[in-house]
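# Survey of secondary and tertiary structure
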Amino acid sequence: MTLYVIVCATGPAPGVGDLVSQALRLGWEVQVVATPLALGFVDVPALEKLTGRPVRSRYRRPDEPKPPRPAAIVVAPASFNTVNKFALGIADTYALGLLAEAPGLGIPVVVLPSLGEALAQRLPYQRSVAQLRAEGVRVLDPPIVTDPFPWHLALEHLSR
């Protein structure tokens, strides 16, 4: 089964290889999808070597092979921007396009946010979390800003 790991451009993003390694040890095949800004935060060659797959950040061209359909999706670290756009159904990047479809396709999604308390208190964020949860998306709360980032929580909530 294939797990899509969507990584956003927030402080913990460089450590996403930890999440990927944990998922691989649990028997998942992993496809990393980076938001366009996250490409500057992560070590793309290292993630590609770890997964044996290219890191995706854009829609494929018609002549490119289709990637496997995800059995589940983890968004970690999830940014304020991505959580809000996901809730609104905005699909202006490949990562958000995947997320826009996932609830409608019955694909489980776990969101592990990385944002400060000031953003977590904003009404738009709180509405987005409530809306996503109403659609069955597991948004972990309160938002987690720690070092080291608790990547394992996303996988634990995925299996529940």
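If you're wondering where the values come from, they're calculated on a predicted model, not measured in any experiment. (Residues numbered from 1 in each chain as written. Predicted model: local features only at pLDDT ≥ 70, side-chain atom pairs only at ≥ 80, totals over all residues. Heavy atoms only, no water.)

Moving on to the nonpolar core. Leu3, Val7 and Val74 are the most contacted members of the largest nonpolar core, which has 27 residues in total. Every element with two or more residues in this core is listed here: strand E1 (2–7), helix H1 (16–25), strand E2 (29–34), strand E3 (72–78), strand E4 (109–113) and helix H7 (152–158). Sort the elements by how many residues they give to this core and H1 lands first, with four residues. Not counting residues up to four positions away in its chain, the partners in contact with Val7 are Ala13, Val16, Val32, Val33, Ala34, Thr35, Ala38, Val42, Ala76 and Pro77. Ile6, Ile73, Tyr94 and Leu99 belong to the second-largest nonpolar core, a separate cluster that totals 26 residues. (Core = buried A, V, L, I, M, F, W, Y, C linked by side-chain atoms within 4.5 Å. Buried < 20%, exposed > 50% of the residue type's maximum accessible area, 1.4 Å probe, protein only. Helix = DSSP H or I, 4+ residues; strand = E, 2+ residues; numbered from the N terminus. Contact = heavy atoms within 4.5 Å.)

This part is about the pattern of salt bridges. Under the criterion given, the structure shown has five salt bridges. A salt bridge links Arg61 to Glu64; the shortest N-O distance between them is 3.4 Å. The exposure class assigned to Arg61 is partly exposed, which follows from its relative accessible area of 44%. A single network of salt bridges, built from pairs that share partners, joins Arg58, Arg61, Asp63 and Glu64. (Salt bridge = Lys/Arg side-chain N within 4 Å of Asp/Glu carboxyl O.)

This model, assessed by the stated rule, comprises three aromatic pairs. Centre to centre, the rings of Phe80 and Tyr125 are 6.2 Å apart; their planes meet at 20°, and the pair counts as stacked. Of this pair, Phe80 sits in helix H3 (residues 80–88) while Tyr125 sits in helix H6 (residues 123–134), and the two are 45 residues apart along the sequence. Taking the centre distance of 4.7 Å and the plane angle of 70° together, the rings of Phe149 and Trp151 count as edge-to-face. For Trp151, a relative accessible area of 4% translates into the label buried. (Phe/Tyr/Trp six-rings, centres within 6.5 Å; stacked < 30°, edge-to-face > 60°.)

Another aspect to go through is H1. When H1 is considered as a whole, its buried residues turn out to be Val16, Gly17, Leu19, Val20 and Ala23. In an axial view of H1, the angular spread of the buried residues amounts to 155°, which keeps them on one side of the axis. Among the structural elements, E1, E2, helix H2 (44–51), E3 and H7 are those in contact with the buried residues of H1. Gly27 lies just past H1 and shows a positive phi near 95°. (Arc of directions from axis to C-beta.)

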